[in-house]
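Tertiary structure, described
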Amino acid sequence: DKYQNSKSELVKMGEDGQMQINPHYNVEQDQTTSKDDDRDLVIFLTYVACLNNLAACYLEMNESLKARDMCIKVLEIDPYNLKALFRAAKSSLALHNYEESEVCI
């Protein structure tokens, strides 16, 4: 996946092990990627964050099936996303799908 292997300084690994946009990134000084690649990366990270946040909202509203569906979408894109794995396990547990919950953790 070109985003997970990006050499750009735009993306840094956060303390939670998730990719995050570097707030100190200067696109004018970075020669490793084009501005189009950086824009695509920002869109990708924003999309994943939105899906993760939507899953969290569904969990708060006790909509476990919808939360699990959002987590599956994230995991199809980023299979090692810790937040999505945790939320998928939590939603599967609420749905009494214990085997799926165990696989997620």
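Everything here concerns the structure above.
Keep in mind that this is a model prediction, so the values were computed, not measured.

The terminal C-alpha atoms of helix 2 (residues 64-77) lie 20 Å apart, and with 14 residues this matches the ideal 20 Å at 1.5 Å per residue to within 8%. If you check which residues of helix 2 are buried, you get Ser64, Ala67, Arg68, Met70, Cys71, Val74 and Leu75. Seen from one end, helix 2 has its buried residues packed into an arc of 160 degrees, which puts them on one side.

The next subject is helix 3 (residues 82-94). Given a rise of 1.5 Å per residue, 13 residues ought to cover 18 Å, and the 18 Å separating the end C-alpha atoms of helix 3 matches this to within 8%. Considered for burial, the residues of helix 3 that qualify are Ala84, Arg87, Ala88, Ala89, Ser91 and Ser92. Regarding helix 3, its N-cap is Asn81, as a side-chain oxygen of that residue lies 3.2 Å from the backbone nitrogen of Lys83 further along. Where helix 3 ends, the next residue or the one after it, His96, has phi of about 65 degrees, a positive value.

By the definition in use, this model includes one salt bridge. Ionic pairing is found between Arg68 and Glu100, a salt bridge with its closest N-O pair at 3.6 Å. Here Arg68, found in helix 2, pairs with Glu100, found in helix 4 (residues 98-104); they are 32 residues apart in sequence, far enough to count as distant. Among the residues examined, Glu100 registers a relative accessible area of 25% and is labelled partly exposed.

Now for the nonpolar core. In terms of nonpolar packing, the biggest core is built from 17 residues, with Phe44, Met70, Val74 and Ala88 touching the most fellow members. Those elements that provide at least two residues to this core are helix 1 (35-60), helix 2 and helix 3. The element best represented in this core is helix 1, accounting for eight residues. Other than its neighbours up to four places away in sequence, Ala88 contacts Cys71, Leu75 and Cys104.

What counts and what doesn't
Residues numbered from 1 in each chain as written. Predicted model: local features only at pLDDT ≥ 70, side-chain atom pairs only at ≥ 80, totals over all residues. Heavy atoms only, no water. Helix = DSSP H or I, 4+ residues; strand = E, 2+ residues; numbered from the N terminus. Expected span 1.5 Å × (residues − 1). Buried < 20%, exposed > 50% of the residue type's maximum accessible area, 1.4 Å probe, protein only. Arc of directions from axis to C-beta. Polar contact = N/O pair within 3.5 Å; in protein donor to acceptor, adjacent residues only side chain to side chain. Salt bridge = Lys/Arg side-chain N within 4 Å of Asp/Glu carboxyl O. Core = buried A, V, L, I, M, F, W, Y, C linked by side-chain atoms within 4.5 Å. Contact = heavy atoms within 4.5 Å.

Everything listed here is a matter of coordinates, which is why it stays silent on function.
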